[in-house]
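The primary structure of each chain is shown beneath.
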Amino acid sequence: MNALADMPQLDLCADFPAIPDGWAYLDTAATSQKPQVVIDAIARGYDRDYATVHRGVYKRSADMTLAYEAARRRVAGFMGAASPDEIVFVRGATEAINLVAYSWAATQLRAGDRILLSALEHHSNIVPWQLVAQRIGVAIDVIPLTDDHRIDLDAMAAMITPAHKLVALAHVSNVVGSVLDGPRAAAIAHSVGAKLLLDGCQAVPRMRVDVQALDCDFYVMSAHKLYGPTGIGVLWARGELLDVMPPWQGGGAMIDRVSFARTSYAPPPGRFEAGTPHIVGALGLHAAIDYVESVGLDAIHAHETALVALTRAALSQINSVTLFGPEDSAGIVSFAIEGVHPHDIGTILDEEGVAIRAGHHCAQPLMELLGVDATARASFGIYNTPADVDRLVKGIQRVTRIFG
Ligand SMILES: Cc1ncc(COP(=O)(O)O)c(C=O)c1O
């Protein structure tokens, strides 16, 4: 652990009331803990400022509408959107991908077209495409991985054809932490006229994301992985794409005018936000973005990268441990211990005050490719320190002693 002295030190644990002293929370890829400023923003939203948005004529509601739309502008600035109108609030990344599948893909793709995914996608970035593909007779192709479990962009370049109309890839893998070269993926997709959707669930909390620099066409994320609340997420899409997308859910707020003869719809993003939205969730997301930006995405990225390096260096000393993913994975380390089921690893680590995830991580095709049913996964966040890595490594040493 000599690398400790060199590593950037963020020590933000005190900002997170749900992390008691001595507990190593290493399941941030599943969901992040919340800083007090986010909890306070949510509490204020309910206990002081609460009212509906977009409809009330009274001041409280008008103020809440301003706060809700300020959150949209904050997200737009955070992601590099050209306009807040390109930001659609949804329940989370899963809903964002389903929205693109049912509104864009289901109307723009034709029988015989193809969709390109990768072998490491989360089920949320597989199943919505399968559902739509079955409906309209579209085929799905799968980009293989490199030996160190990155999406193989050389293979992508070799296999893409003009029949591919959409490529949907994880910006950062939730299992092995590999980081996609987004601009290169976009250049390959665009070379045949395909659109690129990036699943940014694991990237947004870990690195600076600018959708213009990435040159993608759709970008999705969930607030709860970015130190914000559950129940709210974001679809960003280029304005000209949103303009041609029909509504996918009907209800209040998404309309222009309703009659039994003919209903017309609101322009984006309202067209895609049927019903009363997660008002206070938007305030929480706004506070979460303020918080991560006050720390700095570059500092967060450097910190988590150093924790990963420390973890990989220590675990590679243990003979029975297999590490998955590339050396420079972003904040996420998946591993196996010979002869020990990941659930047993997770249970023993829990006794040691270390919370990891054990399972297929909603990526069963990737498990198949790795030749395992499940992995153990340690995923870092803004609040983790080298002491957490130390605790993890000691816990794993205990697992290996117990299982001989
Ligand atoms: C890469 C990736 N994509 C999609 C999702 C789905 O996110 P949510 O469940 O918040 O919709 C997750 C969550 O684990 C994820 O890690």
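In this numbering scheme, every chain counts its residues from 1 along its sequence in written order. Only residues with pLDDT of at least 70 get local features here, since the model is predicted, and only at 80 or more are side-chain atom pairs given and counted; chain-wide, interface and lining totals rely on the full set of residues. Only heavy atoms go into the side-chain values, all of them from the structure, while hydrogens and water stay out.

Only DSSP runs of H or I reaching four residues or more are called helices, and only runs of E reaching two or more are called strands; each is numbered from the N terminus. In this fold, Ser178 is placed in the loop between β5 (164-170) and α6 (182-191). For the exposure calls, accessible area comes from a 1.4 Å probe over protein chains only, and a residue counts as buried if that area is under 20% of its type's maximum, exposed if over 50%, partly exposed in between. Here Ser178 falls in the buried class, since its relative accessible area comes to 4%. Any two residues whose heavy atoms approach within 4.5 Å at even a single point are treated as in contact. Beyond its immediate chain neighbours, meaning those up to four positions away, Ser178 contacts Leu120, His149, Arg150, His171, Val172, Ser173, Pro326 and Ser329.

Definitions used throughout: a 1 Å grid over protein atoms alone; a cavity as a set of points that fits a 1.4 Å probe which cannot get out; a pocket as an open set with protein on both sides within 12 Å along at least five of seven lines; a lining residue as one with an atom within 4 Å of a point. Grid points are joined across faces, edges and corners, and a volume is the space filled by probe spheres set on the points. Applying the stated criterion across every chain, the model contains 1 cavity of 30 Å³ or more. Leu120, Arg150, Ile151, Ala170, His171, Val172, Ser173, Ser178, Val179 and Leu180 together form the lining of the largest cavity. Among the residues forming the lining of the largest cavity, the class breakdown is 6 nonpolar, 3 polar and 1 charged. For this scheme, ten residues count as nonpolar: Ala, Val, Leu, Ile, Met, Phe, Trp, Tyr, Cys and Pro. Four count as charged, namely Asp, Glu, Lys and Arg, and the remainder, Gly too, count as polar.

Either a parallel or an antiparallel arrangement is found when strands of a sheet pair, and the pairing is made through backbone hydrogen bonds. A sheet is described by the order of its strands in space; here 7 strands give the open sequence β2-β8-β7-β6-β5-β3-β4, paired in mixed fashion. Because the sheet does not close on itself, it has two edges, and the strands there are β2 (87-90) and β4 (139-143). Each adjacent strand pair in this sheet contributes to an overall mean axis angle of 20 degrees, direction not counted. Whether two strands pair comes down to DSSP finding at least two bridges between them. Both strand β3 (residues 114-118) and β5 contribute to a ladder of 3 bridges, which runs parallel. Bridge assignment links Ile115 to a residue of β5, and that residue is Leu166. Between N-to-C directions, angles span 0 to 180 degrees; the directions come from axes that are lines fitted to C-alpha atoms, helices contributing only their stretch in contact. Against the sheet, helix α2 (residues 59-79) makes contact with β2, β7 (218-222) and β8 (233-237), and its axis sits at roughly 115 degrees relative to β2, the strand it touches most. This element, helix α4 (residues 127-136), spans β3, β4, β5 and β6 (195-199) of the sheet and lies at about 145 degrees to β4.

What follows is about helix α11 (residues 342-351). Residue pairs three or four apart in sequence face the same way in an α-helix, which turns once every 3.6 residues. Buried residues of α11: Pro342, Ile345, Gly346, Ile348 and Leu349, and no others. One or two residues past the end of α11 sits Gly353, with phi positive at roughly 80 degrees.

This part covers the sheet that holds strand β11 (residues 321-323). Sheet architecture is open: 4 strands sit in the order β11-β12-β15-β14, paired in antiparallel fashion. On the outer flanks of this sheet lie β11 and β14 (357-359), each paired with one strand and no other. Going across the sheet, the axis of each strand differs from the next one's by a mean of 30 degrees, ignoring polarity. As paired elements, strand β12 (residues 332-337) and strand β15 (residues 375-379) share 4 bridges and run antiparallel to each other. Bridge pairing in β15 links Val333 to Ala378. Lying on the sheet, helix α13 (residues 386-402) is in contact with β11, β12 and β15; it crosses β12 at an angle near 15 degrees.

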